[in-house]
Amino acid sequence: RQSEELFRAISESTPVLMVLTQQFDGMISYANSTSGIGLGLETEQLIGRRLADFLVDSSDYDQLRAKLEQLGYVRNYELKVRRSDNTTLWVSTSVHPLRLGGAKTLLTTMFDISDRKQAEESLRQSEQLLRQQAQDLEQRVEQRTAELRSAEQKYRSIFENATEGIFQTTLDGQ
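The rules behind the values
- Residues numbered from 1 in each chain as written.
- Predicted model: local features only at pLDDT ≥ 70, side-chain atom pairs only at ≥ 80, totals over all residues.
- Heavy atoms only, no water.
- Helix = DSSP H or I, 4+ residues; strand = E, 2+ residues; numbered from the N terminus.
- Rg over C-alpha atoms; globule rule 2.2 N^0.38 Å.
- Areas by Shrake-Rupley, 256 points an atom, 1.4 Å probe, with all protein chains shown as cover.
- Lys, Arg positive; Asp, Glu negative; His and termini not counted.
- Charge placed at Lys NZ, Arg CZ, Asp CG, Glu CD.
- Buried < 20%, exposed > 50% of the residue type's maximum accessible area, 1.4 Å probe, protein only.
- Pairing = 2+ DSSP bridges.
- Axes fitted to C-alpha atoms, helices over the stretch in contact; angles between N-to-C directions.
- Salt bridge = Lys/Arg side-chain N within 4 Å of Asp/Glu carboxyl O.

(A) How the structure looks around the overall build of the protein. The number of helices and strands found in the protein is five helices and five strands. Going residue by residue from the N terminus, the α and β elements of the protein occur as α-β-β-α-α-α-β-β-β-α. Here the C-alpha radius of gyration of the protein, 33 Å, is well above what a compact globule of 174 residues would show, namely 16 Å. C-alpha atoms of the protein, sized along the principal axes, occupy 110 × 35 × 30 Å. In the form shown here, the protein has an accessible surface area of approximately 12,400 Å², with 51% of it arising from carbon and sulfur atoms. Both charge centroids of the protein, one from 21 positive and one from 26 negative side chains, sit 6 Å from each other.

(B) Focus on unusual backbone geometry. With phi around 55 degrees, Asn-76 is a residue other than glycine that occupies positive phi space. Mapping Asn-76 onto the fold places it in strand β3 (residues 74–82). The backbone phi angle of Asn-86 is positive, close to 70 degrees, even though this residue is not glycine. Among the secondary structure elements, Asn-86 is positioned in the loop between β3 and β4 (88–100). Given a relative accessible area of 53%, Asn-86 falls into the exposed group.

(C) View of the sheet that holds β3. Read across the open sheet, the five strands follow the order β2-β1-β5-β4-β3; overall the sheet is antiparallel. Two strands bound the open sheet, and with one partner strand each, they are β2 (28–31) and β3. On average, each strand axis in the sheet is inclined to that of its neighbour by 30 degrees, with strand direction left out of account. Bridge analysis of β4 against strand β5 (residues 103–112) gives ten bridges, and the strand direction is antiparallel.

(D) Structural detail: the pattern of salt bridges. Considering all chains together, one arrives at nine salt bridges under this definition. Glu-120 is the salt-bridge partner of Arg-116, the closest N and O atoms lying 3.1 Å from each other. Of this pair, Arg-116 and Glu-120 are both found in helix α5 (residues 114–161), four residues apart, which corresponds to roughly one turn of the helix. Arg-144 is the salt-bridge partner of Glu-147, the closest N and O atoms lying 3.3 Å from each other. On the criterion of helical spacing, the pair formed by Glu-147 and Arg-144 is a turn pair, its members being three residues apart in helix α5. Of the residues examined, Glu-147 reaches a relative accessible area of 39% and is grouped as partly exposed. Given the relative accessible area of 46%, Arg-144 is considered partly exposed.

Here it is as structure tokens:
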């Protein structure tokens, strides 16, 4: 009883989505309030639903299961979940098996990394734009250099092929 109260106190005070699911069917048996907020449902509405139903890419569920079978746990697996209003949320997911009351249970925690993913995407776009601008500038420099070479060649040709003497002076005669 005391350990259950401790678990609830910890899970309710954390800013991480935290759910307990039955290992054999993936049904949610417990969800903290952060999970309800994060998924856009009342906590009670999450109970009895499959966690896999919230995954944007259904292959993530299979990959999580495979990693869990291979390693015995999953840490920091990045995936997208769908909220009740159909918006999506990037999360870093960890899964750890537990035995509660003799039943095989999975503790799944999901940390919202949407801001980081948005920043990464903005950085990628910025880098792409800078690469494009650098290529454009390089092309303009090459074009201008070719124009200057052509002008210099014409100017040199005038001097070299002139039948008359040509010289330059400044306004004060130097």
